[in-house]
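# Chains, contacts and geometry: an overview
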Amino acid sequence: MTTTYPQSSQRAWAKAIAKSAKEFDLTPLPVLSGKIPEGLRGTLYRNGPGRLERGDRLVGHWFDGDGAILAVHFTDAGAKAIYRYVKTKGYLAEAKAGKFLYGNYGMTEPGPIWNHWLHLLTNNDPFKNTANTSVLALADKLLALWEGGNPHALDLQTLETKGLDNLKGLASNQPYSAHPKRDPQTGEIYNIGIDEKSTLNLYRSDRTGKIVQKAAVKLNDVPFLHSFVLAGQYLVFFIPPVRLNQLPMLLGLSSYCDALQWQPNKGTRILVVDRETLEVVSRGETEPWFQWHFGNGCVEADGSVRLDLVRFSDFTQTNEYLREVTTGQTHTPSFGTLWQVRLNPQTSKVIEMQQVVDRCCEFPVVQPQQLGQPWRYTYLALHRRSAEIGREWFGAISRFDYQTGTLSEADLGKNRYVVEPIYAADALNPERGWVLTVVYDGNAGRSEVWVFDERSLDEEPVCRLGLPEIIPISFHGNWKPD
Ligand SMILES: [Fe+2]
(Lines give C-alpha, C1' and ligand atoms only; values in the text may rest on other atoms or scores of the structure.)
Protein backbone atom coordinates (compact mmCIF):
# COMPACT_ATOMS: atom_id res chain seq x y z
CA MET A 1 0.00 0.00 0.00
CA THR A 2 1.28 3.44 -0.88
CA THR A 3 1.51 6.03 1.85
CA THR A 4 1.65 9.67 0.97
CA TYR A 5 3.29 12.22 3.21
CA PRO A 6 2.86 15.96 3.52
CA GLN A 7 5.12 17.73 1.03
CA SER A 8 6.49 19.99 3.76
CA SER A 9 8.33 17.06 5.35
CA GLN A 10 9.96 15.98 2.11
CA ARG A 11 13.69 16.32 1.56
CA ALA A 12 14.99 18.29 -1.40
CA TRP A 13 15.71 15.17 -3.51
CA ALA A 14 11.95 14.53 -3.81
CA LYS A 15 11.64 17.42 -6.26
CA ALA A 16 13.91 15.55 -8.67
CA ILE A 17 11.30 12.83 -9.10
CA ALA A 18 8.13 14.73 -8.30
CA LYS A 19 7.11 15.24 -11.92
CA SER A 20 7.43 13.09 -14.98
CA ALA A 21 10.58 14.05 -16.81
CA LYS A 22 10.35 16.17 -19.95
CA GLU A 23 12.18 15.01 -23.03
CA PHE A 24 14.37 17.55 -24.81
CA ASP A 25 16.06 17.74 -28.21
CA LEU A 26 19.81 18.06 -28.66
CA THR A 27 20.67 21.19 -26.67
CA PRO A 28 24.01 22.98 -26.15
CA LEU A 29 24.82 23.03 -22.43
CA PRO A 30 26.01 26.25 -20.77
CA VAL A 31 29.24 26.00 -18.78
CA LEU A 32 28.28 27.16 -15.27
CA SER A 33 31.80 26.98 -13.87
CA GLY A 34 35.25 25.80 -14.93
CA LYS A 35 36.03 24.39 -18.33
CA ILE A 36 35.48 21.11 -20.18
CA PRO A 37 38.81 19.20 -20.11
CA GLU A 38 40.44 18.92 -23.54
CA GLY A 39 40.85 15.17 -23.17
CA LEU A 40 37.21 14.55 -22.24
CA ARG A 41 35.72 13.53 -25.57
CA GLY A 42 32.89 11.05 -25.87
CA THR A 43 29.38 10.54 -24.56
CA LEU A 44 27.91 9.98 -21.14
CA TYR A 45 24.77 7.85 -21.30
CA ARG A 46 22.50 7.34 -18.32
CA ASN A 47 19.26 5.44 -17.80
CA GLY A 48 16.65 5.60 -15.06
CA PRO A 49 12.92 5.83 -14.43
CA GLY A 50 11.73 9.09 -15.95
CA ARG A 51 8.07 8.77 -15.15
CA LEU A 52 6.52 7.38 -11.97
CA GLU A 53 2.86 8.14 -12.59
CA ARG A 54 0.19 7.74 -15.24
CA GLY A 55 -3.23 9.28 -14.92
CA ASP A 56 -3.77 9.69 -11.19
CA ARG A 57 -1.84 6.56 -10.21
CA LEU A 58 1.64 6.21 -8.83
CA VAL A 59 3.83 3.21 -9.68
CA GLY A 60 4.20 0.56 -6.98
CA HIS A 61 7.98 0.74 -6.78
CA TRP A 62 10.73 2.98 -8.11
CA PHE A 63 11.80 0.13 -10.42
CA ASP A 64 8.45 0.39 -12.26
CA GLY A 65 9.09 3.78 -13.85
CA ASP A 66 9.49 4.06 -17.63
CA GLY A 67 13.11 4.24 -18.73
CA ALA A 68 14.43 7.57 -19.98
CA ILE A 69 17.91 8.08 -21.36
CA LEU A 70 20.17 11.09 -21.04
CA ALA A 71 23.05 11.43 -23.51
CA VAL A 72 25.66 14.15 -22.99
CA HIS A 73 28.08 14.51 -25.90
CA PHE A 74 31.43 16.18 -25.17
CA THR A 75 32.96 17.61 -28.35
CA ASP A 76 35.53 20.24 -29.40
CA ALA A 77 32.59 22.63 -29.83
CA GLY A 78 31.31 22.13 -26.26
CA ALA A 79 28.77 19.81 -24.66
CA LYS A 80 25.29 19.00 -25.95
CA ALA A 81 22.62 16.83 -24.36
CA ILE A 82 19.48 15.03 -25.44
CA TYR A 83 16.89 13.24 -23.31
CA ARG A 84 14.36 10.67 -24.50
CA TYR A 85 12.06 8.04 -23.09
CA VAL A 86 12.61 4.54 -24.37
CA LYS A 87 9.54 4.01 -26.54
CA THR A 88 8.76 0.49 -25.41
CA LYS A 89 5.55 -1.24 -26.45
CA GLY A 90 4.24 -0.74 -22.92
CA TYR A 91 5.17 2.95 -22.80
CA LEU A 92 3.39 3.63 -26.10
CA ALA A 93 0.28 1.66 -25.13
CA GLU A 94 0.00 3.35 -21.74
CA ALA A 95 0.64 6.80 -23.21
CA LYS A 96 -2.24 6.18 -25.63
CA ALA A 97 -4.55 4.85 -22.91
CA GLY A 98 -3.57 7.54 -20.40
CA LYS A 99 -3.31 4.92 -17.66
CA PHE A 100 -1.25 1.97 -16.50
CA LEU A 101 -2.04 -1.28 -18.31
CA TYR A 102 0.63 -3.69 -17.10
CA GLY A 103 1.98 -5.32 -14.00
CA ASN A 104 5.55 -4.76 -13.00
CA TYR A 105 8.16 -5.32 -10.31
CA GLY A 106 6.14 -3.54 -7.64
CA MET A 107 2.59 -3.57 -9.04
CA THR A 108 0.07 -6.09 -10.27
CA GLU A 109 -1.69 -5.68 -13.59
CA PRO A 110 -4.50 -3.13 -13.15
CA GLY A 111 -8.12 -4.14 -13.72
CA PRO A 112 -9.93 -7.40 -13.06
CA ILE A 113 -7.67 -10.32 -12.26
CA TRP A 114 -8.99 -12.42 -15.16
CA ASN A 115 -7.37 -9.92 -17.54
CA HIS A 116 -4.04 -11.06 -16.13
CA TRP A 117 -4.96 -14.74 -16.61
CA LEU A 118 -6.21 -14.05 -20.12
CA HIS A 119 -2.96 -12.31 -21.01
CA LEU A 120 -0.96 -15.24 -19.67
CA LEU A 121 -3.09 -17.79 -21.52
CA THR A 122 -2.88 -15.89 -24.79
CA ASN A 123 0.86 -15.45 -24.39
CA ASN A 124 0.39 -11.72 -24.14
CA ASP A 125 2.90 -10.62 -21.57
CA PRO A 126 1.05 -8.96 -18.67
CA PHE A 127 4.34 -7.35 -17.53
CA LYS A 128 5.92 -4.23 -18.95
CA ASN A 129 9.54 -4.16 -20.05
CA THR A 130 10.39 -0.72 -18.68
CA ALA A 131 13.91 -0.62 -20.18
CA ASN A 132 14.91 1.58 -17.25
CA THR A 133 17.93 0.11 -15.51
CA SER A 134 21.12 0.67 -17.46
CA VAL A 135 22.63 1.10 -20.90
CA LEU A 136 25.25 -0.68 -22.94
CA ALA A 137 26.88 1.54 -25.54
CA LEU A 138 28.04 -0.56 -28.51
CA ALA A 139 29.75 0.65 -31.70
CA ASP A 140 26.52 1.06 -33.67
CA LYS A 141 23.71 1.11 -31.11
CA LEU A 142 22.80 1.84 -27.56
CA LEU A 143 21.05 -0.87 -25.58
CA ALA A 144 18.57 0.07 -22.86
CA LEU A 145 18.67 -2.76 -20.34
CA TRP A 146 16.09 -4.23 -17.99
CA GLU A 147 16.63 -7.47 -16.15
CA GLY A 148 13.30 -9.12 -16.93
CA GLY A 149 13.47 -9.21 -20.73
CA ASN A 150 15.28 -8.46 -23.97
CA PRO A 151 17.12 -5.14 -24.30
CA HIS A 152 15.83 -2.30 -26.47
CA ALA A 153 18.10 -0.83 -29.15
CA LEU A 154 18.34 2.95 -29.61
CA ASP A 155 20.17 5.26 -31.99
CA LEU A 156 23.38 6.46 -30.32
CA GLN A 157 22.87 10.07 -31.43
CA THR A 158 19.11 10.69 -31.61
CA LEU A 159 18.12 8.13 -28.93
CA GLU A 160 15.32 7.03 -31.24
CA THR A 161 14.02 3.65 -30.09
CA LYS A 162 14.53 0.96 -32.73
CA GLY A 163 12.74 -1.76 -30.77
CA LEU A 164 13.57 -4.94 -28.91
CA ASP A 165 16.93 -6.45 -29.84
CA ASN A 166 17.55 -10.18 -29.28
CA LEU A 167 21.31 -9.86 -29.92
CA LYS A 168 20.86 -12.73 -32.40
CA GLY A 169 20.52 -15.19 -29.56
CA LEU A 170 17.79 -14.38 -27.04
CA ALA A 171 14.39 -16.00 -27.11
CA SER A 172 11.32 -13.78 -26.88
CA ASN A 173 11.14 -12.24 -23.38
CA GLN A 174 14.32 -14.02 -22.34
CA PRO A 175 15.93 -11.94 -19.60
CA TYR A 176 19.17 -10.08 -20.31
CA SER A 177 20.23 -8.37 -17.11
CA ALA A 178 21.30 -4.79 -16.60
CA HIS A 179 24.88 -5.39 -15.45
CA PRO A 180 26.77 -6.91 -18.37
CA LYS A 181 30.54 -7.08 -17.98
CA ARG A 182 32.71 -6.05 -20.91
CA ASP A 183 36.25 -7.37 -20.98
CA PRO A 184 38.46 -4.34 -21.73
CA GLN A 185 41.04 -6.46 -23.57
CA THR A 186 38.91 -8.72 -25.79
CA GLY A 187 35.74 -6.64 -25.98
CA GLU A 188 33.73 -9.75 -25.09
CA ILE A 189 30.56 -9.08 -23.15
CA TYR A 190 29.22 -11.42 -20.47
CA ASN A 191 25.73 -11.26 -19.05
CA ILE A 192 23.09 -13.28 -17.23
CA GLY A 193 19.35 -13.73 -17.04
CA ILE A 194 17.35 -15.57 -14.42
CA ASP A 195 14.09 -17.01 -15.69
CA GLU A 196 11.02 -18.38 -13.97
CA LYS A 197 12.16 -21.93 -14.72
CA SER A 198 14.86 -21.67 -12.04
CA THR A 199 17.54 -21.25 -14.68
CA LEU A 200 20.56 -19.00 -14.57
CA ASN A 201 21.19 -18.22 -18.24
CA LEU A 202 24.74 -17.22 -19.13
CA TYR A 203 25.54 -15.30 -22.31
CA ARG A 204 28.81 -14.45 -24.00
CA SER A 205 28.73 -11.86 -26.78
CA ASP A 206 31.39 -10.59 -29.12
CA ARG A 207 32.25 -6.89 -29.09
CA THR A 208 29.28 -6.07 -31.34
CA GLY A 209 26.87 -7.48 -28.77
CA LYS A 210 26.02 -10.58 -30.83
CA ILE A 211 25.56 -13.60 -28.56
CA VAL A 212 28.09 -16.25 -29.53
CA GLN A 213 27.77 -18.68 -26.63
CA LYS A 214 25.04 -19.59 -24.17
CA ALA A 215 24.78 -21.89 -21.19
CA ALA A 216 22.10 -22.65 -18.63
CA VAL A 217 22.77 -23.48 -14.99
CA LYS A 218 19.85 -25.18 -13.31
CA LEU A 219 19.06 -23.89 -9.82
CA ASN A 220 16.72 -25.37 -7.22
CA ASP A 221 14.50 -22.33 -7.01
CA VAL A 222 14.12 -18.82 -8.45
CA PRO A 223 16.54 -16.47 -6.71
CA PHE A 224 16.82 -12.72 -7.07
CA LEU A 225 20.17 -11.85 -8.56
CA HIS A 226 20.90 -8.37 -9.87
CA SER A 227 24.55 -8.57 -10.83
CA PHE A 228 27.71 -10.69 -10.91
CA VAL A 229 31.48 -10.39 -11.18
CA LEU A 230 33.99 -10.84 -13.97
CA ALA A 231 37.26 -11.83 -12.30
CA GLY A 232 40.05 -12.86 -14.67
CA GLN A 233 39.01 -16.19 -16.20
CA TYR A 234 35.97 -16.55 -13.93
CA LEU A 235 32.43 -15.34 -13.59
CA VAL A 236 31.51 -15.25 -9.90
CA PHE A 237 27.99 -15.29 -8.48
CA PHE A 238 26.92 -14.54 -4.93
CA ILE A 239 23.27 -15.55 -4.91
CA PRO A 240 21.60 -13.88 -1.94
CA PRO A 241 18.94 -15.73 0.07
CA VAL A 242 15.99 -14.06 -1.63
CA ARG A 243 13.55 -16.42 -3.30
CA LEU A 244 10.54 -15.86 -5.50
CA ASN A 245 7.28 -17.39 -4.36
CA GLN A 246 6.02 -17.86 -7.90
CA LEU A 247 2.41 -18.92 -7.58
CA PRO A 248 0.82 -15.73 -6.20
CA MET A 249 2.87 -13.70 -8.67
CA LEU A 250 1.82 -15.79 -11.67
CA LEU A 251 -1.82 -15.71 -10.57
CA GLY A 252 -1.65 -11.93 -10.42
CA LEU A 253 -2.37 -11.91 -6.67
CA SER A 254 0.98 -10.44 -5.77
CA SER A 255 3.50 -8.20 -7.46
CA TYR A 256 6.94 -9.67 -8.22
CA CYS A 257 8.49 -7.64 -5.44
CA ASP A 258 5.92 -8.73 -2.85
CA ALA A 259 6.49 -12.36 -3.86
CA LEU A 260 10.19 -12.10 -2.99
CA GLN A 261 11.03 -13.63 0.36
CA TRP A 262 14.13 -12.97 2.46
CA GLN A 263 15.22 -16.40 3.75
CA PRO A 264 18.49 -15.81 5.63
CA ASN A 265 18.63 -19.42 6.84
CA LYS A 266 19.51 -20.35 3.26
CA GLY A 267 22.77 -18.35 3.34
CA THR A 268 24.49 -16.79 0.32
CA ARG A 269 25.11 -19.32 -2.44
CA ILE A 270 28.38 -19.04 -4.34
CA LEU A 271 28.90 -20.15 -7.90
CA VAL A 272 32.13 -19.86 -9.88
CA VAL A 273 31.95 -20.33 -13.65
CA ASP A 274 34.75 -20.64 -16.19
CA ARG A 275 34.31 -17.80 -18.67
CA GLU A 276 35.61 -19.81 -21.64
CA THR A 277 33.49 -22.94 -21.26
CA LEU A 278 30.64 -21.32 -19.24
CA GLU A 279 30.77 -24.44 -17.07
CA VAL A 280 30.51 -24.43 -13.30
CA VAL A 281 33.92 -24.70 -11.60
CA SER A 282 32.70 -24.83 -8.01
CA ARG A 283 29.74 -24.18 -5.75
CA GLY A 284 29.72 -23.08 -2.14
CA GLU A 285 27.83 -21.28 0.56
CA THR A 286 28.54 -18.57 3.08
CA GLU A 287 26.73 -16.32 5.55
CA PRO A 288 23.58 -14.47 4.44
CA TRP A 289 23.65 -10.91 3.11
CA PHE A 290 22.18 -9.00 0.20
CA GLN A 291 23.95 -7.05 -2.51
CA TRP A 292 22.69 -5.25 -5.57
CA HIS A 293 26.08 -4.32 -6.95
CA PHE A 294 29.68 -5.41 -7.23
CA GLY A 295 32.57 -3.04 -7.90
CA ASN A 296 35.07 -5.37 -9.55
CA GLY A 297 36.86 -8.68 -9.33
CA CYS A 298 40.25 -10.12 -10.31
CA VAL A 299 42.49 -13.11 -9.85
CA GLU A 300 45.42 -12.45 -7.52
CA ALA A 301 48.97 -13.80 -7.93
CA ASP A 302 48.19 -16.69 -5.54
CA GLY A 303 45.21 -17.77 -7.67
CA SER A 304 42.55 -16.46 -5.29
CA VAL A 305 39.74 -14.22 -6.47
CA ARG A 306 39.44 -10.77 -4.96
CA LEU A 307 36.21 -8.79 -5.40
CA ASP A 308 34.25 -6.01 -3.79
CA LEU A 309 30.56 -5.32 -3.30
CA VAL A 310 28.15 -3.12 -1.38
CA ARG A 311 26.72 -5.33 1.32
CA PHE A 312 23.37 -4.93 3.08
CA SER A 313 22.41 -6.94 6.13
CA ASP A 314 19.13 -7.95 4.49
CA PHE A 315 17.00 -7.47 1.38
CA THR A 316 13.80 -6.26 3.00
CA GLN A 317 15.03 -2.87 4.17
CA THR A 318 16.87 -1.82 1.05
CA ASN A 319 13.94 -2.89 -1.12
CA GLU A 320 11.47 -1.03 1.10
CA TYR A 321 13.56 2.15 0.99
CA LEU A 322 13.64 1.97 -2.82
CA ARG A 323 9.88 1.43 -2.90
CA GLU A 324 9.35 4.50 -0.70
CA VAL A 325 11.35 6.73 -3.03
CA THR A 326 8.32 6.97 -5.33
CA THR A 327 6.28 8.65 -2.57
CA GLY A 328 8.84 11.44 -2.24
CA GLN A 329 9.59 10.51 1.34
CA THR A 330 11.64 7.60 2.60
CA HIS A 331 11.83 6.45 6.20
CA THR A 332 13.33 2.94 6.16
CA PRO A 333 17.03 2.96 7.00
CA SER A 334 18.97 1.16 4.29
CA PHE A 335 22.63 0.90 5.10
CA GLY A 336 25.02 -0.64 2.59
CA THR A 337 28.79 -0.53 3.02
CA LEU A 338 31.75 -1.56 0.86
CA TRP A 339 33.20 -5.01 1.53
CA GLN A 340 36.13 -6.85 0.04
CA VAL A 341 36.03 -10.64 -0.34
CA ARG A 342 38.76 -13.14 -1.10
CA LEU A 343 37.63 -16.47 -2.44
CA ASN A 344 39.16 -19.75 -3.56
CA PRO A 345 37.63 -20.18 -7.04
CA GLN A 346 38.32 -23.92 -7.09
CA THR A 347 36.23 -24.54 -3.97
CA SER A 348 34.00 -21.42 -3.70
CA LYS A 349 35.28 -21.08 -0.15
CA VAL A 350 35.51 -17.58 1.27
CA ILE A 351 39.04 -17.04 2.56
CA GLU A 352 38.49 -13.58 3.95
CA MET A 353 35.76 -10.96 4.03
CA GLN A 354 36.06 -7.52 5.50
CA GLN A 355 34.33 -4.18 5.45
CA VAL A 356 36.62 -1.59 3.85
CA VAL A 357 34.35 1.49 3.87
CA ASP A 358 32.02 1.87 6.84
CA ARG A 359 30.09 4.83 5.39
CA CYS A 360 26.73 4.21 3.74
CA CYS A 361 27.34 3.93 0.00
CA GLU A 362 26.12 2.38 -3.27
CA PHE A 363 26.83 2.17 -7.02
CA PRO A 364 30.45 0.95 -6.86
CA VAL A 365 32.29 1.32 -10.18
CA VAL A 366 35.85 0.99 -11.41
CA GLN A 367 37.82 2.26 -14.37
CA PRO A 368 36.43 0.29 -17.35
CA GLN A 369 39.92 -0.60 -18.58
CA GLN A 370 40.48 -2.47 -15.28
CA LEU A 371 37.29 -4.52 -15.30
CA GLY A 372 38.09 -8.11 -14.32
CA GLN A 373 41.73 -7.12 -13.68
CA PRO A 374 43.65 -6.00 -10.57
CA TRP A 375 42.51 -2.53 -9.61
CA ARG A 376 43.30 0.09 -7.05
CA TYR A 377 40.32 2.45 -6.88
CA THR A 378 36.60 1.84 -6.43
CA TYR A 379 34.34 4.86 -6.95
CA LEU A 380 31.05 5.15 -5.06
CA ALA A 381 28.02 7.29 -4.41
CA LEU A 382 28.14 8.09 -0.72
CA HIS A 383 25.92 9.63 1.92
CA ARG A 384 27.18 12.87 3.38
CA ARG A 385 28.44 12.53 6.95
CA SER A 386 25.51 14.55 8.23
CA ALA A 387 22.87 12.66 6.23
CA GLU A 388 20.01 11.01 8.04
CA ILE A 389 20.16 7.49 6.62
CA GLY A 390 16.78 6.33 5.44
CA ARG A 391 15.54 9.87 4.76
CA GLU A 392 18.13 11.15 2.35
CA TRP A 393 19.58 10.37 -1.06
CA PHE A 394 23.33 10.31 -1.76
CA GLY A 395 25.01 13.72 -1.60
CA ALA A 396 28.66 12.83 -2.21
CA ILE A 397 30.86 10.79 -4.52
CA SER A 398 34.04 9.15 -3.42
CA ARG A 399 37.06 7.10 -4.38
CA PHE A 400 38.33 4.31 -2.16
CA ASP A 401 42.04 3.58 -2.55
CA TYR A 402 42.84 -0.06 -1.73
CA GLN A 403 46.57 0.70 -1.66
CA THR A 404 46.40 3.31 1.08
CA GLY A 405 43.04 2.37 2.60
CA THR A 406 41.83 5.95 2.27
CA LEU A 407 38.58 7.44 1.02
CA SER A 408 38.60 10.74 -0.84
CA GLU A 409 35.30 12.44 -1.20
CA ALA A 410 33.41 15.18 -3.01
CA ASP A 411 30.68 16.39 -0.66
CA LEU A 412 28.35 18.47 -2.79
CA GLY A 413 26.77 20.34 0.10
CA LYS A 414 23.26 20.61 1.44
CA ASN A 415 20.36 19.69 -0.84
CA ARG A 416 22.58 18.62 -3.71
CA TYR A 417 22.34 15.03 -4.88
CA VAL A 418 24.44 12.74 -7.02
CA VAL A 419 23.98 9.55 -8.98
CA GLU A 420 26.42 6.72 -9.69
CA PRO A 421 29.84 8.17 -10.58
CA ILE A 422 31.07 7.33 -14.07
CA TYR A 423 34.76 7.17 -14.89
CA ALA A 424 35.91 8.60 -18.23
CA ALA A 425 39.51 8.06 -19.29
CA ASP A 426 41.27 11.12 -20.70
CA ALA A 427 41.74 10.76 -24.46
CA LEU A 428 45.05 12.65 -24.47
CA ASN A 429 46.66 11.22 -21.34
CA PRO A 430 45.93 7.60 -20.38
CA GLU A 431 47.19 8.26 -16.84
CA ARG A 432 44.38 10.72 -16.23
CA GLY A 433 40.67 10.38 -15.87
CA TRP A 434 37.50 12.23 -15.00
CA VAL A 435 34.57 11.31 -12.82
CA LEU A 436 31.19 12.44 -14.06
CA THR A 437 27.90 12.57 -12.21
CA VAL A 438 24.50 14.09 -12.84
CA VAL A 439 23.59 16.36 -9.97
CA TYR A 440 20.19 17.53 -8.84
CA ASP A 441 20.66 20.85 -7.10
CA GLY A 442 17.67 21.17 -4.80
CA ASN A 443 18.69 24.72 -3.83
CA ALA A 444 18.47 25.96 -7.40
CA GLY A 445 15.83 23.42 -8.53
CA ARG A 446 17.82 22.25 -11.55
CA SER A 447 19.98 19.42 -12.85
CA GLU A 448 23.61 19.76 -13.83
CA VAL A 449 26.49 17.59 -15.05
CA TRP A 450 29.55 17.79 -12.80
CA VAL A 451 33.01 16.72 -13.92
CA PHE A 452 35.70 16.00 -11.31
CA ASP A 453 39.39 15.32 -11.69
CA GLU A 454 39.47 11.76 -10.34
CA ARG A 455 42.75 12.48 -8.49
CA SER A 456 41.26 15.33 -6.51
CA LEU A 457 37.63 14.68 -5.72
CA ASP A 458 37.89 16.85 -2.62
CA GLU A 459 38.52 19.92 -4.77
CA GLU A 460 35.96 21.86 -6.77
CA PRO A 461 34.67 20.15 -9.91
CA VAL A 462 36.69 21.10 -12.99
CA CYS A 463 33.47 21.82 -14.83
CA ARG A 464 29.73 22.21 -14.21
CA LEU A 465 27.24 22.15 -17.07
CA GLY A 466 23.60 23.22 -16.88
CA LEU A 467 20.90 20.86 -18.14
CA PRO A 468 17.73 22.33 -19.67
CA GLU A 469 15.31 20.21 -17.61
CA ILE A 470 15.29 18.34 -14.32
CA ILE A 471 16.65 14.83 -14.83
CA PRO A 472 15.11 12.45 -12.29
CA ILE A 473 17.55 10.41 -10.20
CA SER A 474 18.80 7.64 -12.47
CA PHE A 475 20.26 4.19 -11.91
CA HIS A 476 23.20 3.39 -14.20
CA GLY A 477 25.23 4.68 -17.10
CA ASN A 478 28.20 4.21 -19.41
CA TRP A 479 30.94 6.37 -20.84
CA LYS A 480 31.51 5.86 -24.57
CA PRO A 481 34.80 7.37 -25.71
CA ASP A 482 34.94 8.89 -29.21
FE1 LIG B 1 21.82 -2.00 -10.66
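Our structure's up above, just so we're on the same page.
Here the structure is a predicted model, which means the values were calculated and not measured.

Right, let's talk about the overall build of the chain for a bit. The helix and strand inventory of the chain stands at four helices and 35 strands. Its C-alpha atoms give the chain a radius of gyration of 21 Å, within 12% of the compact-globule value 23 Å for 482 residues. With respect to the three principal axes, the spread of C-alpha positions in the chain is 60 × 60 × 45 Å. Taking the intrachain contacts of the chain between residues at least 6 apart in sequence as the baseline, contacts between residues at least 24 apart amount to 60%. Surface summary for the chain: the accessible area is close to 19200 Å², and the carbon and sulfur share equals 49%.

We now examine the coordination of the iron ion. Within the protein, the atoms that donate to the iron ion are H179 (NE2), H226 (NE2), H293 (NE2) and H476 (NE2), at distances of 2.1 to 2.2 Å. Coordination at the iron ion comes from four donor atoms whose angles at the metal span 88 to 168°, giving a geometry best classed as irregular. Between consecutive donors of the iron ion, the numbers of intervening residues give the motif H-x46-H-x66-H-x182-H. Of this pair, H293 sits in strand β22 (residues 290-299) while H476 sits in strand β35 (residues 476-481), placing them 183 residues apart in sequence. Each member of the pair H293 and H476 is classed as buried.

With that settled, the discussion passes to the pairing of strand β3 (residues 42-51). Across the 10 residues of β3, 10 count as buried, placing the element largely inside the fold. Pairing of β3 with β35 involves six bridges; the strand directions are antiparallel. Across the sheet, the residue bridging to Y45 is N478, located in β35.

If you look at the biggest cluster of nonpolar residues, it comprises 105 residues, and the most contacted ones within it are F74, L200 and F237. Here this core gets six residues from one element, more than from any other, and that element is strand β32 (residues 433-441). In this view, F237 contacts I192, L200, L202, L225, F228, R269, I270, L271 and V273; residues no more than four positions away in its chain are not counted. With 16 residues, the next largest nonpolar core counts A231, V272, F294 and V341 among its residues.

For the rest of this paragraph, the subject is helix α1 (residues 89-97). Residues G90, Y91 and E94 constitute the buried set of α1. Down the axis of α1, the smallest arc covering the buried residues is 100°, so these residues share one side. Summarising the geometry of α1, the exposed residues directed more than 90 degrees from the buried face are K89 and K96. In this fold, the buried residues of α1 make contact with β3, β4 (53-54), β6 (66-75) and β7 (78-85). At the C-terminal side of α1, G98 shows a positive phi close to 70°.

About the cut-offs
- Residues numbered from 1 in each chain as written.
- Predicted model: local features only at pLDDT ≥ 70, side-chain atom pairs only at ≥ 80, totals over all residues.
- Heavy atoms only, no water.
- Helix = DSSP H or I, 4+ residues; strand = E, 2+ residues; numbered from the N terminus.
- Rg over C-alpha atoms; globule rule 2.2 N^0.38 Å.
- Contact = heavy atoms within 4.5 Å.
- Areas by Shrake-Rupley, 256 points an atom, 1.4 Å probe, with all protein chains shown as cover.
- Donors = N, O, S within 2.8 Å, 3.2 Å for Na, K, Ca; no water.
- Tetrahedral: all angles 85-135°; square planar, octahedral: opposite > 155°, others 65-115°.
- Buried < 20%, exposed > 50% of the residue type's maximum accessible area, 1.4 Å probe, protein only.
- Pairing = 2+ DSSP bridges.
- Core = buried A, V, L, I, M, F, W, Y, C linked by side-chain atoms within 4.5 Å.
- Arc of directions from axis to C-beta.

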